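Here's the letter readout for the chains.
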Amino acid sequence: MAIEVRRATPADAETIAEFAILLSEQHRDYDPKRFVALADREGAKWFYGSQTEAADAAVLIADDEGKPVGFAFLQYQAKNYAELLESAAWLHDIYVVGSARRTGAGKKLIEAAKKAALDLGASKLVLHVAEKNASGQDFFNRAGFRTTMIEMTLDLSS
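### Here we look at the sheet that holds strand β4 (residues 85-96)
Sheet strands pair via backbone hydrogen bonds, and the direction of the pair is either parallel or antiparallel. Across the sheet, five strands lie side by side as β1-β2-β3-β4-β5; this open sheet has mixed pairing. Every interior strand has two partners, whereas the edge strands, β1 (3-7) and β5 (124-126), have only one. With strand direction ignored, the average angle separating the axes of adjacent strands in the sheet is 30°. Contacting β1, β2 (57-64), β3 (67-80), β4 and β5, helix α3 (residues 105-120) crosses the sheet at an angle of about 155° to β4.

### Some points on the side chain of D93
Tracing the sequence through the fold places D93 in strand β4. It turns out D93 is buried and unbridged, and the closest side chain with the opposite charge, R34, is 11 Å from it. A distance of 2.5 Å separates polar atoms of two side chains, one belonging to D93 and the other to Y48. Look past the residues within four positions of D93 in its chain and what remains in contact with it is L23, Y48, F71, A72 and F73.

### Overview of the packing of aromatic side chains
One pass over the structure, following the stated rule, counts nine aromatic pairs. With a centroid separation of 5.5 Å and an interplanar angle of 80°, the aromatic rings of Y48 and F71 are classed as edge-to-face. Placement of Y48 in helix α2 (residues 41-51) and of F71 in strand β3 is noted, with a sequence separation of 23 residues between them. Note on F71: relative accessible area 0%, which makes it buried. Every member of this aromatic cluster is reached through a ring pair, and the members are F19, W46, F47, Y48, F71, F73 and Y95.

### Looking at the packing of helix α1 (residues 13-30) against α2
Where α1 meets α2, the closest approach of the two axes is 8 Å, and the angle between their N-to-C directions is 120°. Relative to α2, α1 is oriented oblique. As α1 runs across α2, the sense of the crossing is right-handed. Touching A13, E14, I16, A17, E18, A20 and I21 of α1 are R41, A44, K45, Y48 and G49, all from α2. Taken together, the residues that form the contact of α1 with α2 break down as seven nonpolar, one polar and four charged.

### Topic: the pairing of β4
Most of β4 is tucked away, with ten of its twelve residues classed as buried. Alignment of β3 against β4, held across ten bridges, turns out to be antiparallel. From the neighbouring strand, F73 faces β4, where its bridge partner is D93. Turn length for the β3-β4 hairpin, with the two strands adjacent in sequence and antiparallel, is four residues, and the turn residue L84 shows positive phi of about 55°. Inspection of the sheet shows β4 paired to β5 by three bridges, in the parallel sense. Counted as the bridge partner of A88 is K124 from β5. Of the crossover connections in this fold, the one passing from β4 over α3 to the parallel β5 is right-handed.

Reading guide: rules and limits
Residues numbered from 1 in each chain as written. Predicted model: local features only at pLDDT ≥ 70, side-chain atom pairs only at ≥ 80, totals over all residues. Heavy atoms only, no water. Pairing = 2+ DSSP bridges. Helix = DSSP H or I, 4+ residues; strand = E, 2+ residues; numbered from the N terminus. Axes fitted to C-alpha atoms, helices over the stretch in contact; angles between N-to-C directions. Contact = heavy atoms within 4.5 Å. Buried < 20%, exposed > 50% of the residue type's maximum accessible area, 1.4 Å probe, protein only. Lys, Arg positive; Asp, Glu negative; His and termini not counted. Salt bridge = Lys/Arg side-chain N within 4 Å of Asp/Glu carboxyl O. Polar contact = N/O pair within 3.5 Å; in protein donor to acceptor, adjacent residues only side chain to side chain. Phe/Tyr/Trp six-rings, centres within 6.5 Å; stacked < 30°, edge-to-face > 60°. Parallel < 35°, antiparallel > 145°, perpendicular 65-115°, else oblique. Left-handed = near helix turned anticlockwise from the far one by under 90°. Nonpolar A, V, L, I, M, F, W, Y, C, P; charged D, E, K, R; others polar. Right-handed = clockwise from strand over helix to strand, strands pointing away.

Structure representation (structure tokens):
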């Protein structure tokens, strides 16, 4: 495998939408009360396509010999009062198809996300990871991330 990571273009929006829906379904499987099915193909295609050209964001594609196998999406925030953050880039999404896991695709996406975050002016890269996603937590720990917050949810409809 020859994994290369590049900046996405609007032409990649359809592929990214497919990956984003798979990522959304993965989260729904973890906890359907917490993670709602917001992603629809057209909405995801519009959203990620628009973010490829946003000044405060980066959408990255991991290709294996020209075939997309994953993506990452991050956004920069100079100040976020609610999160008590300054000069941070949020890694909102990172996804690698099952057949490309453990090939270095995820690691290369993280490295490219770190570079993109620095290019956007960030001094830190922050993410959320599902509590039930033990393999994701292990991956992020190996990539140098550390736990700083724990999200908790109270279901009010019960």
